[in-house]
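Examining the three-dimensional arrangement
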Amino acid sequence: MKINSPLEAYKFLPATNCGECGEPTCMAFAAHLIDRSHKLTDCTPILEPKFKKKYEELDALLAPEIREIVIGVGEKVAKIGGDDVLYRHKLTFFNQTQYAYDVWDTMDEKDLVERVNYIQDFKKFYVGNFLTVDMVAIRCTSNDPKKFGAAVKKVVETTDLPLILCSFNPEVLKAGLEASKDRNPLLYAANKDNWKEVAELALEYDVPVTLFAPNDLDLLKSMAKTFAAMGTEKLVLDPGTFPTGKQLKQTFTNFVKVRRAGIDGDRDIAYPIMAVPFTAWMAHDDPVSASYWETVVASVFTIKYGDIMILHSTEPYAMLPELHIRDTIYTDPRKPVTVDPAMYKVGEPTADSPVLVTTNFALTYYTVESDLASNKIDCFLWAIDTDGIGVEAAVAGGQLTAAKIKKGIEESGFDLKKDTTHNTIILPGLCARLQGDMEDESGANVMVGPADSGRLPGWLEKNWPPQKK
Amino acid sequence: MTKKMKLSQLSDMLQDLDVESLEGVTIEGDIELNITGGGGLNPALAYALGSEISQISLHMANIGRMLGFPAEQLFASAFGMGEMPQPQALPTSPKIQELLASKFEVSKVDNWKNPIQEVTLGATSGDGGSRKNTVTIGGENALPYYFDAEMPHRNYVTMDVFDMPIGMAKSVKGNYEDVINDPAEWAKKVVREFNADMVTIHLISTDPLINDTSAKEAAKVVEDVLQAVDVPIVIGGSGNPEKDPEVLEKAAEVAEGERVLLASASLNLDYARIAKAAMDYGHVVLSWTQLEINAQKELNRKLMKQCNVPRDRIIMDPTTAALGYGLDYAYTNMERIRLAGLMGDDELTFPMSSGTTNAWGAREAWMVSSPLKQDSDWGPREYRGPIWEIVTGLALSLAGNDMFMMMHPTSVQVLKEITQTLYGSIESEEIDITNWIGAEV
């Protein structure tokens, strides 16, 4: 965006402090516009005709540097781009990288449906939510429009996920569009040979389109400029993903250059970037090596400016790290690291229920909590104040000590002797070395649980209730 | 097309033809339409021409809209129309026959002016040690692998060796079962078979809560490892803040002149004692803090000002959290440290080291399957573990980390491959991706 202080945004607001946006003052609202946690349309008064000019001016100033492109329709719609910074700590990255996994039109129909279902059903629980993948890319390997159209139709029937139609043959793309025209798919791709025809398709069907110019940023920019002049800015840029050696280094350089130019204000190239880690499969024959290398390339370009990518491996050992590295990079760095240090109830604990200790590092806490809750274990869970550091590191760094745990327990007002029948505390396995100190400090029975809370259900089954000494 | 043509001439040219529309007509360049004597025009031609002119005006209006001008309002007021159709409803678009020429340009970052300190580990016989080679890290003038400035040194990997058998993920353990009771053999194995650039000997048995091995005994293990391998080494304590200074002091003494990395000085132990040991016996100090850029500044400052450690003897470990377990903080912490260093913060211009082995603490790396029933199948853990360590390290390499402490041979191999590819030292056959869509995989 073109402004960076709330004061600059405030000048355009009605300054009535009406509160309709949910903020007490226009200045507070302006601050949220700058950190992009509110939209300008949340201010209902500025939408009135008399403020039209101010609205339009401010809206233009607030527009993100990198255009935001929408693919698909309905609930599963995918948004890409929309970024304003080169480093996540400067604000946050918006619209996480969209992962599209491929199918191809020479696949057996049954295999195709099975693969699409696998892609759309894949999920991994993480800090209160499920991580999932986003899109299906349909590759034309037959070069037959009819065959491609049929494959697209089958995918459309099977899933609501947004689609990427992949071919360099305009007739094939047209057949794909006919089969998915209500789904706002992304076209892949226009290149130096077919760009006129593909541009016409993109305009006729009003869909976003990828521009493919392998290792030629002049051509990429020319195409982007040309498409914009022809009437569409719904563009995605693919500077080519070369999978190995110096070519891969050059690819990395191209990604950094394109994004830097866009953030620096070159509107002609300020579009989302596509990576195609799929090409790792053109460099490796062995599927495990190919999967590994594809995951590595995907990780590099999830971190460095890929907004959307096409992948092939659906092995969990590829998808799980991909999902997690994306979450890593797109997590808002401004969100709190910690939960409040306190005693939490999981389920409906009674005086017979176990009492467990963990840290107030949000990730640790939520992991332990979900392991307990999803296994329907009623218990008390103490989040000890370790300055938001996990168990192992906090023991090493002195943020988790017997004295700290005792203090946490005392401050919560919970009395082990009175409020439980067992006067027992269960420590995380990773702080086993605190057991002796803990017994001395608290006078309670101290048990050492497993090193990973995923094993708590089994451990409790064996060790709870504690045997009377 | 700069030639001017009067409408009557056009009409004359086409008068014998039964024209219904002007298909394929594109008008480029400067346009001047001089319409006179409309009365004498062939009605079909007039209609067709009118249609074409209206189309052009729509294209022009569309361009006007793209430039931010509310063209639809102009139309509305000119013709008393209500709402204009949406722009995408325009029947056609400007036809462009050739790509608009354009040159891509981007500037280099101009405020990365401060180079990162170069630090050398290991000393050869010429420098009073017995290592066959040394390892130098740091010296960057830009973020890693960026085109703004050549990266002077590649990333290096030091592999973990422990002075006693420890609990390990199954897929890690399989590689070390034959050497688990012999740190010297273990060290040889990681160098010879797994291509480790360096070896880290962790003296964990010295922890009073584990074996309470004496500093003197532990120092013997260090001597054994120095005998067994000729690469530079890192010496790690047990993490016990009371015992570590004594252990590292003794180890530093027996390794005199070898320019090892002492791991580590931190704010919660007697860092001055470790710094002094490094100074007295010619070593480098690892300055370890926990995900806190200000603590890192403080410790570095104390090492330099209070303990007089020279700048070329400090490496930082700002802490590595595993993928899915705080890597977002670790990544951003390192990236901020590196950017601050490049932009001139003298307290942060040091090369960095990552305890990438921490990735094995992630349950995704070692558990047989997900503890949660709702999850999709996690697949075989022997493939999940190494990639967890790779992606953890890779992310930090992009944040500026120079040296990696690692555990699994496959992880080491792949991490070296990708970091050296981005560094630019890996040659490989060129691959033509022009038609990747049709690739048989």
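Residues numbered from 1 in each chain as written. Chains lettered and ligands numbered in written order. Predicted model: local features only at pLDDT ≥ 70, side-chain atom pairs only at ≥ 80, totals over all residues. Heavy atoms only, no water.

Let's talk about the overall build of chain A
We apply this condition: Each helix is a run of H or I in the DSSP string that is no shorter than four residues. Each strand is a run of E no shorter than two, and both are numbered from the N terminus. Throughout this description, buried means an accessible area under 20% of the type-specific maximum (1.4 Å probe, protein chains only), exposed means over 50%, and partly exposed covers the range between. Here, residues are in contact when the closest pair of their heavy atoms is within 4.5 Å. All accessible-area figures derive from a Shrake-Rupley calculation using a 1.4 Å probe, and residue coverage is judged against the displayed protein chains alone.
A count of helical and extended segments in chain A gives 17 helices and 17 strands. Counting across all 469 residues of chain A, residues that qualify as buried make up 58%. In chain A, once contacts between residues fewer than 6 apart in sequence are set aside, the share between residues at least 24 apart is 65%. Here chain A has roughly 18,200 Å² of accessible surface; of this, 48% comes from carbon and sulfur atoms.

Digging into the domain arrangement of chain A
The criterion, for reference: As used throughout, domain bounds are those supplied by an automatic or database domain assignment.
On domain assignment, one finds that chain A holds domain 1 (6–62), domain 2 (68–330) and domain 3 (342–463). Averaged C-alpha coordinates put domain 1 of chain A and domain 3 of chain A at centres separated by 46 Å.

Overview of the sheet that holds strand 6 (residues 135–139) of chain A
Hydrogen bonds between backbone groups are what pair the strands of a sheet, and the pairing can be parallel or antiparallel. Residue and element names in this part refer to chain A. Operational definition: One bridge is not enough; two strands pair if DSSP finds at least two bridges between them. As a rule, the C-alpha atoms of each element are fitted with a line to give its axis, helices using only the stretch in contact, and angles between N-to-C directions run from 0 to 180 degrees.
Strand order in the open sheet formed by eight strands is 10-9-8-7-6-3-12-11, and the pairing between neighbours is parallel. Edge strands, defined here as strands with exactly one partner in the open sheet, are strand 10 (235–238) and strand 11 (274–275). The pairing of strand 3 (residues 98–104) with strand 6 spans five bridges and is classified as parallel. Looking at the pairing, Asp102 lines up with Ala137 of strand 6. Strand contacts of helix 8 (residues 217–230): strand 8 (186–190), strand 9 (209–212) and strand 10, with the helix running at about 150° to strand 9, the strand carrying the most contacts. Each of strand 3 and strand 12 (308–311) touches helix 11 (residues 316–330); the most contacted strand, strand 3, lies at about 150° to it.

Concerning the interface of chain B and chain A
Quick note on the threshold: Take the accessible area each of two parts loses on contact, using a 1.4 Å probe, and add the two losses: that sum is the buried area. By definition, a salt bridge exists where a carboxyl oxygen of Asp or Glu is found within 4 Å of a side-chain nitrogen of Lys or Arg. Side-chain classes are defined by residue name, with Ala, Val, Leu, Ile, Met, Phe, Trp, Tyr, Cys and Pro counting as nonpolar, Asp, Glu, Lys and Arg as charged, and the others, Gly among them, as polar.
Taken together, the contact pairs 94 residues of chain B with 103 residues of chain A. Counting the surface lost from both chain B and chain A, the interface buries some 8,700 Å², and carbon and sulfur atoms represent 65% of this. Ranking the residues of chain B by area buried against chain A places Phe104, Trp436 and Ile437 of chain B at the top, with a combined share of 10%. Where chain B packs against chain A, one counts eight salt bridges. In this structure, the salt-bridge partner of Glu364 of chain B is Lys124 of chain A, at a minimum N-O distance of 2.7 Å. Considering each element in turn, the side of chain B that touches chain A owes the most residues, 11 residues, to helix 12 (residues 381–399) of chain B. Residue composition of the side of chain B that touches chain A, by class: 49 nonpolar, 24 polar and 21 charged.

Re helix 12 (residues 362–374) of chain A
Residues and elements named next belong to chain A. Filter applied, for reference: Multiply 1.5 Å by the residue count of a helix minus one, and that product is the helix's expected span.
Under the 1.5 Å per step criterion, the end-to-end length of helix 12 is 17 Å for 13 residues, consistent within 8% with the ideal 18 Å. Where helix 12 is concerned, the buried positions are Ala362, Leu363, Thr364, Tyr365, Thr367, Val368, Ser370, Asp371 and Leu372. One or two residues past the end of helix 12 sits Lys376, with phi positive at roughly 55°.

Looking at the packing of helix 10 (residues 287–303) of chain A against helix 11 of chain A
Residue and element names in this part refer to chain A. Basically, it comes down to this: Oblique is the label for every angle not falling under 35 degrees (roughly parallel), over 145 degrees (roughly antiparallel), or within 65 to 115 degrees (roughly perpendicular).
Where helix 10 meets helix 11, the closest approach of the two axes is 10 Å, and the angle between their N-to-C directions is 10°. Comparing their axes, helix 11 and helix 10 come out roughly parallel. Here Pro287, Val288, Ser291, Tyr292, Thr295, Ala298, Ser299, Thr302 and Ile303 of helix 10 come into contact with helix 11, specifically with Tyr317, Ala318, Pro321, Glu322, Ile325, Arg326, Ile329 and Tyr330. A class-by-class count of the residues in the contact of helix 10 with helix 11 yields 11 nonpolar, four polar and two charged.

Comments concerning the packing of aromatic side chains
This is how the line gets drawn: Aromatic pairs are defined between Phe, Tyr and Trp rings, using the six-membered ring for Trp, whenever the two ring centres lie within 6.5 Å; interplanar angles under 30 degrees are classed as stacked, those over 60 as edge-to-face, and all others as tilted.
Overall, the coordinates contain 22 aromatic pairs over all chains when judged by the stated rule. Consider the rings of Phe168 of chain A and Tyr188 of chain A, whose centres lie 6.0 Å apart with planes at 50°: the pair is tilted. Residue Phe168 of chain A is located in the loop between strand 7 (163–166) and helix 6 (170–179), and its partner Tyr188 of chain A is located in strand 8; the two are separated by 20 residues in the primary sequence. Judged on exposure class, the residue Phe168 of chain A and its partner Tyr188 of chain A are both buried. Ring plane angle 55° and centroid distance 5.1 Å describe the contact between Phe278 of chain A and Trp436 of chain B, whose orientation is recorded as tilted.

Focus on empty space enclosed by the protein
Here is the rule: A pocket, in this scheme, is an open set of points on a 1 Å grid over the protein atoms alone with protein on both sides within 12 Å along at least 5 of 7 lines, while a cavity is a set where a 1.4 Å probe fits but cannot get out; residues line either one if an atom lies within 4 Å of a point. Grid points are joined across faces, edges and corners, and a volume is the space filled by probe spheres set on the points.
For the structure on display, the rule yields four cavities of 30 Å³ or more. For the largest cavity, the calculated volume is near 130 Å³. Along the wall of the largest cavity there are 16 residues; nearest its centre are Lys124, Phe125, Tyr126 and Thr367 of chain A together with Arg363 of chain B. Elements supplying a minimum of two residues to the lining of the largest cavity: strand 4 (123–126) and helix 12 of chain A together with helix 11 (363–366) of chain B.

Looking at the sheet that holds strand 7 (residues 233–236) of chain B
All names here are of chain B. Pairing in this open sheet of eight strands is parallel, and the strands run 10-9-8-7-6-5-12-11 from one edge to the other. Every interior strand has two partners, whereas the edge strands, strand 10 (314–317) and strand 11 (353–354), have only one. This element, helix 8 (residues 271–281), spans strand 8 (261–265) and strand 9 (284–288) of the sheet and lies at about 165° to strand 8.

Topic: the environment of Glu249 of chain B
With respect to the element layout, Glu249 of chain B can be found in helix 7 (residues 244–254). Residues Glu249 of chain B and Asp182 of chain B, 67 residues apart in the sequence, show an inter-C-alpha distance of 23 Å.

Things to note about helix 6 of chain A
Helical periodicity: at 3.6 residues per turn, an α-helix aligns residues three or four positions apart in one direction. All names here are of chain A. We count it as follows: We call two N or O atoms a polar contact when they sit within 3.5 Å, provided that within protein one can donate a hydrogen and the other can accept it, with sequence-adjacent residues counted only if both atoms are side-chain atoms.
Of all the positions in helix 6, only Val172, Leu173, Ala175, Gly176 and Leu177 are classed as buried. Among the structural elements, helix 5 (145–158), strand 7, strand 8 and helix 7 (195–205) are those in contact with the buried residues of helix 6. Put simply, Asn169 is the residue that caps the front of helix 6, since its side-chain oxygen is 2.9 Å from the backbone nitrogen of Glu171.

A word on the pairing of strand 9 of chain A
Residues and elements named next belong to chain A. Definition in use: Handedness of a crossover is defined as follows: orient the strands so they point away from the viewer, and if the path from the first strand over the helix to the second runs clockwise, the crossover is right-handed.
The alternating pattern of strand 9 places Val209 and Leu211 and Thr210 and Phe212 on opposite faces, both of which are buried. In this structure, strand 8 lies alongside strand 9, joined through three bridges in parallel fashion. Bridging across to strand 9, Leu187 finds its partner in Val209. In this region the chain leaves strand 8, passes through helix 7 and returns to the parallel neighbour strand 9; the handedness of that crossover is right-handed. Sheet topology places strand 9 next to strand 10; four bridges connect them, and they run parallel.

Here we look at the side chain of Ser353 of chain A
Inspection of the secondary structure assignment puts Ser353 of chain A in the loop between strand 13 (342–346) and strand 14 (355–359). Excluding residues within four positions of it along the chain, Ser353 of chain A makes contact with Asp378, Cys379, Phe380, His422 and Trp464 of chain A.

A closer look at the side chain of Asp134 of chain A
All names here are of chain A. Mapped onto the elements, Asp134 comes out in the loop between strand 5 (129–132) and strand 6. Since its relative accessible area comes to 11%, Asp134 is described here as buried. Of the polar contacts made by the side chain of Asp134, one reaches the side chain of Arg326; its length is 2.6 Å. Not counting residues up to four positions away in its chain, the partners in contact with Asp134 are Thr97, Gln98, Tyr99, Leu161, Pro162 and Arg326.

Concerning the nonpolar core
Threshold: Definition of nonpolar core: a set of buried residues of the types Ala, Val, Leu, Ile, Met, Phe, Trp, Tyr and Cys, connected through side-chain atoms within 4.5 Å.
Within the largest apolar cluster, 191 residues are counted, with the highest numbers of intra-cluster contacts made by Ile138 and Leu187 of chain A together with Tyr176, Trp186, Ile233, Ile235 and Leu303 of chain B. The contact partners of Ile235 of chain B, leaving out residues within four places of it in the chain, are Ile201, Leu203, Val222, Leu248, Ala251, Ala255, Val260, Leu261, Leu262 and Ala263 of chain B. The next biggest cluster of nonpolar side chains, apart from the first, holds 26 residues, and it includes Ile69, Ala100, Ala189 and Met274 of chain A.

With respect to the environment of Thr357 of chain B
All names here are of chain B. Position of Thr357 among the secondary structure elements: in the loop between strand 11 and helix 11. What makes Thr357 buried here is its relative accessible area of 18%. C-alpha separation for the pair Thr357 and Met405, spaced 48 residues apart in sequence, amounts to 6.3 Å. A polar side-chain atom of Thr357 sits 2.5 Å from a polar atom in the side chain of Asp160.

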